[in-house]
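Summary of structural features
One letter stands for each residue in the lines below.
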Amino acid sequence: LALAHERGGRPEAAEQLWLGLTAAWPDELWLSVELARYWADRGIRLDEAETLARDALTALGRQRWLSWDQSRAARTGRGLDRLVYLDCLGWVLYRQGERAAGRELLAQARSQADAAGQPQPLNLYHLGVVYYEQGQDADALRVVDMALALDPTLGPAKLLRERLTGRGRQTT
């Protein structure tokens, strides 16, 4: 429902729902990561977003360490969770102005996703923004096209692609 509010142009309703969900289920790490990503996308509450993303990544690491069955962790998506959490933290750091650290984490997430054969559209989009802002338009277009091939409904990636293909360079 929060994602529907977000995509439907009702950011205040989305944020209130994310806040309520994270308060009600604090152990559901993915909720914290989604709230951190939400704030990073809007460039707000970035210190809190960083804390949420770092805490979720740390907690996920503890869960994996405690798991005696690593193959089960892989089958249940824990490896994929790590990629998503790394991407989130990288995106938050990038949006905070910690460009090098953010780019490094985004690249790590992509490398691990590629090695696992599970590229993540949102991670590819985030890398596209980084490349775009660094004037690396060919790289930006390449990863944005990959993101859209995986998820044709990823609106921000569509907008970035439009900027890169004939509508002129604009600031994101």
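Below is a summary of the structure that appears in this document. Just so you know, these numbers come straight off a predicted model, no measurement behind them.

Reading the values: rules and limits
- Residues numbered from 1 in each chain as written.
- Predicted model: local features only at pLDDT ≥ 70, side-chain atom pairs only at ≥ 80, totals over all residues.
- Heavy atoms only, no water.
- Salt bridge = Lys/Arg side-chain N within 4 Å of Asp/Glu carboxyl O.
- Buried < 20%, exposed > 50% of the residue type's maximum accessible area, 1.4 Å probe, protein only.
- Helix = DSSP H or I, 4+ residues; strand = E, 2+ residues; numbered from the N terminus.
- Core = buried A, V, L, I, M, F, W, Y, C linked by side-chain atoms within 4.5 Å.
- Contact = heavy atoms within 4.5 Å.
- Phe/Tyr/Trp six-rings, centres within 6.5 Å; stacked < 30°, edge-to-face > 60°.
- Lys NZ or Arg CZ within 6 Å of the ring centre and 35° of its normal.

Take the pattern of salt bridges next. Inspection of every chain in the model, using the stated rule, returns eight salt bridges. Note that Arg45 and Glu48 form a salt bridge whose closest N and O atoms lie 2.9 Å from each other. Exposure remark for Arg45: the relative accessible area of 35% places this residue in the partly exposed category. Residue classification places Glu48 among the partly exposed positions, given a relative accessible area of 38%. Across the pair Glu133 and Arg99 runs a salt bridge whose closest N-O atoms are separated by 3.9 Å. Placement of the pair is Glu133 in helix H8 (residues 121-133) and Arg99 in helix H7 (residues 99-115), with a sequence separation of 34 residues. Given the relative accessible area of 32%, Glu133 is considered partly exposed. Since its relative accessible area comes to 39%, Arg99 is described here as partly exposed. Salt bridges linked by common partners bring Glu34, Arg37 and Asp41 together as one network.

The subject of this paragraph is the nonpolar core. Most often, soluble globular proteins have nonpolar side chains that are buried together. Membership of the largest hydrophobic core comes to 44 residues, with the highest contact counts inside it found for Tyr85 and Leu160. Excluding its chain neighbours within four sequence positions, the residues that come into contact with Tyr85 are Leu29, Trp30, Val33, Ala56, Leu57 and Leu60.

Here we come to the packing of aromatic side chains. Using the criterion set out here, one finds two aromatic pairs in the structure. Taken together, a centroid distance of 6.3 Å and an interplanar angle of 55° make the contact between Trp91 and Tyr125 tilted. Linking Trp91 in helix H6 (residues 78-96) with Tyr125 in helix H8, this pair joins segments that are 34 residues apart in sequence. Neither Trp91 nor Tyr125 differs from the other in exposure class; each is buried. Each member of the aromatic cluster is reached from another via a ring pair, and the members are Trp91, Tyr94 and Tyr125. When the ring centre of Tyr94 is taken as origin, the NZ or CZ atom of Arg99, which lies over that ring, is 4.2 Å away.

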